[in-house]
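Report on the structure
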Amino acid sequence: MDSLQTSLNNIQNRINRACASVNRDPADITLVAVSKTVNVEMVEKAYRLGIRNFGENRVADLAEKQGSLPDANWHMIGRLQTNKVKDIVGKTCLIHSLDRWNLAEALHKRAAYMEIDVPVLLQVNIAGEEQKAGVSPTDVDQFLQSIPQLPRLKIMGFMTMAPLESETEEVRPIFRELAEIRKRLYHIHIPNVELRYLSMGMSQDFEVAVQEGADIIRVGTSLFHGS
Ligand SMILES: *Cc1c(COP(=O)(O)O)cnc(C)c1O
């Protein structure tokens, strides 16, 4: 069998097993194929296998690949500089990496100019790592309370990244904490805030993320490089 198909089957089996262990429906998990390390031909191949959601961490790469596959759903998952905002708003189904207030303002300004809404996830730095982007868990409430000032911004949930070198089980408390923040704030009524999605889990740790409540997982290496 084709190796991409084999990898995809493996990932689907891993998702299914993780879901079964906590009584979740695998249909509720969205797989975002992180295509940042592969070329357009590979992305097209994945599309032919039925993958419809792709993630990129650089604006230029996203724009280029989207040009070849406009029918797919494109997710921006990487750090976003404010001077790139004009090149990304309107191109993505979801920006996972809203990590600071001035970026929120820049996204809103561009979206207002284009007269469109921009759906985003608030990136939360649960582990508190210096080098990682994201608002601190203690600042989430205040950030959300300020969102109505930027009416073109639609907060659709949260994203987090676990520390890279951790053992699989060490990331569980991080994913659990993000799920708890969502649960605590789920029913607050703030215009333009609807905490529908948790984007968490990558190749190394997506089973744990699924067990802890991930709605969206972002998988690159396991899919495209088969490990
Ligand atoms: C690269 C990347 C991923 C995918 O990581 P893999 O370990 O290759 O699955 C997920 N999320 C973000 C933000 C990334 O930059």
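Higher on the page you've got the structure.
All values derive from a computational prediction rather than experimental measurement.

**Some remarks on the overall build of the protein**
Per the secondary structure count, the protein includes nine helices and eight strands. In terms of overall size, the protein behaves like a compact globule, its C-alpha atoms giving a radius of gyration of 17 Å where 227 residues would be expected to give roughly 17 Å. Projected onto its principal axes, the C-alpha coordinates of the protein cover approximately 50 × 40 × 30 Å. By residue count, 50% of the 227 residues in the protein fall in the buried class.

**Focus: the site of the ligand**
Inspection of the region around the ligand gives Val 34, Lys 36, Ile 77, Met 161, Met 202, Ser 203, Arg 218, Val 219, Gly 220 and Thr 221 as its neighbouring residues. One of the side-chain N or O atoms of Lys 36 is found 2.7 Å from an oxygen atom in the ligand. Bound to the protein, the ligand loses 87% of the 390 Å² it would expose on its own. In a pocket analysis with a 2 Å cut-off to the grid points, the ligand is assigned to the largest pocket. By residue class, the composition of the shell around the ligand is five nonpolar, three polar and two charged.

**Quick notes on the layout of surface pockets**
Computed from the structure, the largest pocket encloses a volume of approximately 630 Å³. Lys 36, Met 161, Leu 164, Met 202 and Arg 218 are, among the 33 residues lining the largest pocket, the residues nearest its centre. Within the lining of the largest pocket, the residues separate by chemical class into 11 nonpolar, 13 polar and nine charged.

**Structural notes on the pattern of salt bridges**
For the structure shown, the criterion picks out 16 salt bridges. Across the salt bridge formed by Asp 117 and Arg 152, the nearest N and O atoms sit 3.0 Å from each other. Within this pair, whereas Asp 117 is found in the loop between helix H5 (101–114) and strand S5 (118–123), its partner Arg 152 is found in the loop between helix H6 (140–146) and strand S6 (153–159), the two being separated by 35 residues in sequence. Several salt bridges share partner residues, and in doing so they unite Glu 169, Arg 172, Arg 176 and Glu 212 into one network.

**Some words on helix H3 (residues 59–68)**
Within the sequence span of H3, burial applies to Val 59, Asp 61, Leu 62, Lys 65 and Gln 66. Down the axis of H3, the buried side of the element spans an arc of 160°, and every buried residue falls inside it. Projecting away from the buried face of H3 at angles above 90 degrees are the exposed residues Glu 64 and Gly 67. In the core, the buried residues of H3 are packed alongside helix H2 (40–48), strand S2 (53–56), strand S3 (73–76) and helix H4 (85–88).

**Looking at the packing of aromatic side chains**
Each aromatic ring pair is summarised here by two numbers: the centre-to-centre distance and the angle between the ring planes. Using the criterion set out here, one finds two aromatic pairs in the structure. Looking at Arg 52, its charged tip hangs above the ring of Tyr 47, at a distance of 3.7 Å from the centre.

**As for the environment of Phe 175**
With respect to the helices and strands, Phe 175 occurs in helix H7 (residues 172–185). Note: C-alpha distance between Phe 175 and Glu 56 (119 residues apart in sequence) is 22 Å. Setting aside anything within four residues of it in sequence, one finds Phe 175 in contact with Thr 160, Ala 162, Met 200, Gly 201, Asp 205, Val 208, Ala 209 and Glu 212.

**A word on the nonpolar core**
Of all hydrophobic cores here, the largest spans 67 residues; its most connected members are Phe 54, Leu 98, Leu 107, Leu 144 and Phe 158. Setting aside its immediate chain neighbours within four residues, Leu 98 contacts Leu 103, Ala 104, Leu 107, Val 120, Leu 121, Leu 122, Gln 123, Phe 143, Leu 153 and Ile 155. Residues Val 32, Leu 121, Met 156 and Ile 216 belong to the second largest nonpolar core, which totals six residues.

**Some thoughts on the environment of Arg 196**
Turning to its location among the elements, Arg 196 is positioned in strand S7 (residues 193–199). Here the alpha-carbon distance between Arg 196 and Asn 16, two residues 180 residues apart in the chain, equals 21 Å. In contact with Arg 196, other than residues within four places in its own chain, are Met 156, Gly 157, Arg 182 and Asp 215. A polar contact of 3.4 Å, which involves the side chain of Arg 196, links it to the side chain of Tyr 197.

**Concerning the side chain of Ser 35**
Mapping Ser 35 onto the fold places it in the loop between strand S1 (30–34) and H2. At 2.6 Å, the side chain of Ser 35 and the side chain of Glu 56 are in polar contact. Once residues within four sequence positions are removed from consideration, Ser 35 is found in contact with Val 43, Phe 54, Gly 55, Glu 56, Lys 65, Trp 74 and Phe 224.

What counts, and at which threshold
Residues numbered from 1 in each chain as written. Predicted model: local features only at pLDDT ≥ 70, side-chain atom pairs only at ≥ 80, totals over all residues. Heavy atoms only, no water. Helix = DSSP H or I, 4+ residues; strand = E, 2+ residues; numbered from the N terminus. Rg over C-alpha atoms; globule rule 2.2 N^0.38 Å. Buried < 20%, exposed > 50% of the residue type's maximum accessible area, 1.4 Å probe, protein only. Near = heavy atom within 4 Å. Polar contact = N/O pair within 3.5 Å; in protein donor to acceptor, adjacent residues only side chain to side chain. Areas by Shrake-Rupley, 256 points an atom, 1.4 Å probe, with all protein chains shown as cover. 1 Å grid on protein atoms, 1.4 Å probe; cavity = no way out; pocket = protein on both sides within 12 Å on 5 of 7 lines; lining within 4 Å. Sits in = over half its atoms within 2 Å of the grid points. Nonpolar A, V, L, I, M, F, W, Y, C, P; charged D, E, K, R; others polar. Points joined across faces, edges and corners; volume = space filled by probe spheres on them. Salt bridge = Lys/Arg side-chain N within 4 Å of Asp/Glu carboxyl O. Arc of directions from axis to C-beta. Contact = heavy atoms within 4.5 Å. Phe/Tyr/Trp six-rings, centres within 6.5 Å; stacked < 30°, edge-to-face > 60°. Lys NZ or Arg CZ within 6 Å of the ring centre and 35° of its normal. Core = buried A, V, L, I, M, F, W, Y, C linked by side-chain atoms within 4.5 Å.

Read these as spatial facts, not as claims about activity.
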